[in-house]
Amino acid sequence: KAGVTQTPRYLIKTRGQQVTLSCSPISGHRSVSWYQQTPGQGLQFLFEYFSETQRNKGNFPGRFSGRQFSNSRSEMNVSTLELGDSALYLCASSLLGTPYEQYFGPGTRLTVT
Amino acid sequence: KNEVEQSPQNLTAQEGEFITINCSYSVGISALHWLQQHPGGGIVSLFMLSSGKKKHGRLIATINIQEKHSSLHITASHPRDSAVYICAVEADSGGSNYKLTFGKGTLLTVNP
(Lines give C-alpha, C1' and ligand atoms only; values in the text may rest on other atoms or scores of the structure.)
Protein backbone atom coordinates (compact mmCIF):
# COMPACT_ATOMS: atom_id res chain seq x y z
CA LYS A 1 0.00 0.00 0.00
CA ALA A 2 1.51 3.33 -1.03
CA GLY A 3 2.18 5.85 1.71
CA VAL A 4 1.24 9.49 1.88
CA THR A 5 2.83 11.47 -0.93
CA GLN A 6 3.44 15.18 -1.12
CA THR A 7 4.42 17.28 -4.09
CA PRO A 8 6.57 19.11 -4.68
CA ARG A 9 9.23 18.09 -2.17
CA TYR A 10 11.12 21.37 -2.42
CA LEU A 11 9.98 24.79 -3.48
CA ILE A 12 11.53 28.24 -3.61
CA LYS A 13 9.23 31.23 -3.92
CA THR A 14 9.56 34.99 -3.71
CA ARG A 15 7.86 37.13 -1.09
CA GLY A 16 4.40 38.19 -2.27
CA GLN A 17 3.85 35.16 -4.50
CA GLN A 18 1.40 32.39 -3.79
CA VAL A 19 2.00 28.66 -3.60
CA THR A 20 -0.05 25.48 -3.78
CA LEU A 21 1.08 22.25 -2.14
CA SER A 22 -0.45 18.86 -2.81
CA CYS A 23 -1.02 15.82 -0.63
CA SER A 24 -2.24 12.39 -1.70
CA PRO A 25 -3.38 10.30 1.26
CA ILE A 26 -3.16 6.56 1.70
CA SER A 27 -5.85 4.86 -0.35
CA GLY A 28 -9.08 4.67 1.63
CA HIS A 29 -8.13 7.37 4.11
CA ARG A 30 -10.64 10.19 4.32
CA SER A 31 -9.04 12.51 6.84
CA VAL A 32 -6.14 14.75 5.81
CA SER A 33 -4.40 17.13 8.20
CA TRP A 34 -1.80 19.78 7.43
CA TYR A 35 1.00 20.95 9.71
CA GLN A 36 3.69 23.60 9.57
CA GLN A 37 7.11 22.97 11.12
CA THR A 38 9.62 25.77 11.74
CA PRO A 39 12.76 25.83 13.91
CA GLY A 40 11.27 28.53 16.13
CA GLN A 41 7.68 27.35 16.59
CA GLY A 42 8.07 23.63 16.05
CA LEU A 43 5.09 21.74 14.68
CA GLN A 44 1.78 23.57 14.45
CA PHE A 45 -1.60 22.36 13.27
CA LEU A 46 -2.98 24.17 10.21
CA PHE A 47 -6.26 22.40 9.35
CA GLU A 48 -7.96 19.07 8.90
CA TYR A 49 -10.23 17.98 6.08
CA PHE A 50 -12.67 15.11 6.05
CA SER A 51 -14.93 14.21 3.14
CA GLU A 52 -14.19 17.51 1.37
CA THR A 53 -15.10 19.60 4.45
CA GLN A 54 -12.75 21.51 6.71
CA ARG A 55 -13.42 19.97 10.09
CA ASN A 56 -10.94 21.94 12.18
CA LYS A 57 -8.58 24.88 11.83
CA GLY A 58 -5.50 26.08 13.69
CA ASN A 59 -4.49 29.63 14.52
CA PHE A 60 -3.15 30.77 11.17
CA PRO A 61 -4.08 33.84 9.12
CA GLY A 62 -6.54 33.61 6.26
CA ARG A 63 -3.65 33.56 3.77
CA PHE A 64 -3.47 29.86 4.55
CA SER A 65 -6.28 27.88 2.98
CA GLY A 66 -6.92 24.39 1.79
CA ARG A 67 -9.35 22.09 0.15
CA GLN A 68 -10.02 18.42 -0.29
CA PHE A 69 -11.26 16.70 -3.40
CA SER A 70 -13.70 13.82 -3.73
CA ASN A 71 -10.81 11.34 -4.02
CA SER A 72 -9.49 12.65 -0.65
CA ARG A 73 -6.47 14.33 -2.22
CA SER A 74 -5.85 17.67 -0.58
CA GLU A 75 -4.21 20.93 -1.53
CA MET A 76 -2.94 23.72 0.65
CA ASN A 77 -2.56 27.26 -0.62
CA VAL A 78 -0.62 30.15 0.86
CA SER A 79 -1.15 33.56 -0.69
CA THR A 80 1.00 36.68 -0.40
CA LEU A 81 3.98 34.74 0.89
CA GLU A 82 6.05 36.17 3.72
CA LEU A 83 9.59 35.27 4.75
CA GLY A 84 8.18 33.70 7.90
CA ASP A 85 6.24 31.18 5.83
CA SER A 86 9.49 29.35 5.10
CA ALA A 87 8.93 25.99 6.69
CA LEU A 88 8.44 22.27 6.25
CA TYR A 89 4.80 21.60 5.46
CA LEU A 90 3.61 18.14 6.39
CA CYS A 91 0.38 16.42 5.66
CA ALA A 92 -0.92 13.34 7.40
CA SER A 93 -3.78 11.03 6.54
CA SER A 94 -5.99 8.92 8.73
CA LEU A 95 -8.79 6.52 8.01
CA LEU A 96 -11.52 8.59 9.67
CA GLY A 97 -9.68 10.93 12.04
CA THR A 98 -8.99 10.26 15.69
CA PRO A 99 -8.61 7.69 17.23
CA TYR A 100 -7.30 6.15 14.03
CA GLU A 101 -3.56 6.45 13.54
CA GLN A 102 -2.14 9.27 11.43
CA TYR A 103 0.42 8.56 8.72
CA PHE A 104 2.69 11.41 7.75
CA GLY A 105 4.01 12.33 4.32
CA PRO A 106 7.64 13.33 3.71
CA GLY A 107 6.80 17.02 3.66
CA THR A 108 7.32 19.94 1.30
CA ARG A 109 10.21 22.24 2.14
CA LEU A 110 9.16 25.80 1.23
CA THR A 111 11.73 28.57 1.13
CA VAL A 112 10.54 32.14 0.69
CA THR A 113 13.18 34.65 -0.43
CA LYS B 1 -4.52 27.36 26.06
CA ASN B 2 -3.01 23.90 26.04
CA GLU B 3 0.72 23.90 26.68
CA VAL B 4 2.83 20.83 26.03
CA GLU B 5 6.22 20.71 27.72
CA GLN B 6 8.88 18.12 26.97
CA SER B 7 12.05 17.34 28.87
CA PRO B 8 14.88 17.10 28.32
CA GLN B 9 15.35 19.17 25.16
CA ASN B 10 18.53 17.29 24.31
CA LEU B 11 19.68 13.89 25.44
CA THR B 12 22.91 12.05 24.69
CA ALA B 13 23.25 8.41 25.65
CA GLN B 14 25.60 5.50 25.16
CA GLU B 15 24.41 2.47 23.28
CA GLY B 16 22.57 0.11 25.59
CA GLU B 17 21.39 2.73 28.06
CA PHE B 18 17.79 3.04 29.27
CA ILE B 19 16.28 6.34 28.11
CA THR B 20 13.30 8.31 29.40
CA ILE B 21 11.68 11.32 27.75
CA ASN B 22 8.96 13.19 29.60
CA CYS B 23 5.90 15.13 28.46
CA SER B 24 3.56 17.29 30.55
CA TYR B 25 0.43 19.05 29.38
CA SER B 26 -1.96 21.53 30.94
CA VAL B 27 -5.54 20.68 29.91
CA GLY B 28 -7.78 17.64 29.67
CA ILE B 29 -7.00 15.54 26.65
CA SER B 30 -8.60 12.70 24.74
CA ALA B 31 -5.31 11.16 23.58
CA LEU B 32 -1.56 11.66 23.58
CA HIS B 33 0.77 10.80 20.72
CA TRP B 34 4.47 10.06 20.59
CA LEU B 35 6.11 10.74 17.24
CA GLN B 36 9.62 10.11 15.91
CA GLN B 37 11.28 12.39 13.38
CA HIS B 38 14.54 11.45 11.70
CA PRO B 39 16.88 13.94 9.97
CA GLY B 40 15.31 14.83 6.64
CA GLY B 41 11.88 15.37 8.15
CA GLY B 42 9.96 12.10 7.94
CA ILE B 43 7.64 11.59 10.92
CA VAL B 44 6.50 8.23 12.20
CA SER B 45 3.73 7.78 14.73
CA LEU B 46 5.03 5.58 17.55
CA PHE B 47 2.15 5.48 20.01
CA MET B 48 -1.30 6.89 20.58
CA LEU B 49 -2.58 6.38 24.10
CA SER B 50 -5.33 7.66 26.35
CA SER B 51 -4.59 5.60 29.46
CA GLY B 52 -2.13 3.15 30.94
CA LYS B 53 0.82 1.80 29.05
CA LYS B 54 1.73 0.56 25.59
CA LYS B 55 4.78 -1.38 24.44
CA HIS B 56 6.24 -1.92 20.99
CA GLY B 57 9.56 -3.68 20.82
CA ARG B 58 12.06 -1.72 22.90
CA LEU B 59 9.73 1.27 23.22
CA ILE B 60 7.32 1.78 26.10
CA ALA B 61 4.91 4.69 26.54
CA THR B 62 3.00 5.45 29.72
CA ILE B 63 0.45 8.08 30.61
CA ASN B 64 -0.93 9.34 33.91
CA ILE B 65 -4.13 11.23 33.15
CA GLN B 66 -4.55 12.60 36.68
CA GLU B 67 -1.04 14.04 36.72
CA LYS B 68 -1.22 15.13 33.06
CA HIS B 69 2.08 13.45 32.33
CA SER B 70 3.46 10.88 29.90
CA SER B 71 6.82 9.20 29.49
CA LEU B 72 8.49 7.47 26.57
CA HIS B 73 11.07 4.87 27.50
CA ILE B 74 13.61 3.22 25.22
CA THR B 75 15.29 0.11 26.55
CA ALA B 76 18.69 -1.05 25.29
CA SER B 77 19.12 2.09 23.18
CA HIS B 78 20.83 1.83 19.80
CA PRO B 79 22.38 4.46 17.48
CA ARG B 80 19.46 3.98 15.07
CA ASP B 81 17.18 5.37 17.82
CA SER B 82 18.85 8.77 17.29
CA ALA B 83 16.06 11.11 16.26
CA VAL B 84 13.77 13.84 17.54
CA TYR B 85 10.92 12.52 19.68
CA ILE B 86 7.81 14.67 19.77
CA CYS B 87 4.89 14.53 22.14
CA ALA B 88 1.51 15.76 20.88
CA VAL B 89 -1.90 15.93 22.54
CA GLU B 90 -5.48 16.03 21.35
CA ALA B 91 -7.68 18.34 23.40
CA ASP B 92 -10.80 16.67 24.74
CA SER B 93 -13.26 18.12 22.21
CA GLY B 94 -15.53 15.09 22.02
CA GLY B 95 -15.21 14.88 18.26
CA SER B 96 -13.29 12.73 15.83
CA ASN B 97 -11.34 15.54 14.24
CA TYR B 98 -7.57 15.65 14.61
CA LYS B 99 -6.24 18.86 16.15
CA LEU B 100 -2.87 18.21 17.73
CA THR B 101 -0.81 20.50 19.95
CA PHE B 102 2.86 19.61 19.88
CA GLY B 103 5.77 19.78 22.26
CA LYS B 104 9.07 21.23 21.04
CA GLY B 105 10.65 17.81 20.78
CA THR B 106 13.58 16.00 22.39
CA LEU B 107 16.71 15.46 20.32
CA LEU B 108 18.13 12.07 21.22
CA THR B 109 21.64 11.07 20.19
CA VAL B 110 22.80 7.53 20.95
CA ASN B 111 26.53 6.99 20.57
CA PRO B 112 28.02 3.58 19.79
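Residues numbered from 1 in each chain as written. Chains lettered and ligands numbered in written order. Predicted model: local features only at pLDDT ≥ 70, side-chain atom pairs only at ≥ 80, totals over all residues. Heavy atoms only, no water.

Q: Help me understand the overall build of chain A, please; the structure alone is not making it clear to me.
A: Secondary structure assignment for chain A yields zero helices and 11 strands. In terms of C-alpha radius of gyration, chain A reaches 13 Å, essentially the compact-globule figure of 13 Å for 113 residues. Principal-axis analysis of the C-alpha atoms places the extent of chain A at approximately 35 × 25 × 25 Å. Per-residue burial over chain A gives 50% buried out of 113 residues. Nonlocal contacts in chain A, meaning residues at least 24 apart in sequence, comprise 55% of its contacts between residues at least 6 apart. In chain A, 11 positive and 6 negative side-chain charges are present, and the distance between their average locations comes to 4 Å. (Helix = DSSP H or I, 4+ residues; strand = E, 2+ residues; numbered from the N terminus. Rg over C-alpha atoms; globule rule 2.2 N^0.38 Å. Buried < 20%, exposed > 50% of the residue type's maximum accessible area, 1.4 Å probe, protein only. Contact = heavy atoms within 4.5 Å. Lys, Arg positive; Asp, Glu negative; His and termini not counted. Charge placed at Lys NZ, Arg CZ, Asp CG, Glu CD.)

Q: I keep staring at the layout of surface pockets and nothing clicks. Help me out?
A: The gaps of empty space that remain are located by a probe, the size of a water molecule, rolled over the atoms. Size it by volume and the second largest pocket reaches roughly 370 Å³. Counting residues per element, the ones that place at least two in the lining of the second largest pocket are β4 (31-38) and β5 (42-50) of chain A together with β9 (83-91) and β11 (106-111) of chain B. In terms of residue class, the lining of the second largest pocket is made up of seven nonpolar, 13 polar and two charged. (1 Å grid on protein atoms, 1.4 Å probe; cavity = no way out; pocket = protein on both sides within 12 Å on 5 of 7 lines; lining within 4 Å. Points joined across faces, edges and corners; volume = space filled by probe spheres on them. Nonpolar A, V, L, I, M, F, W, Y, C, P; charged D, E, K, R; others polar.)

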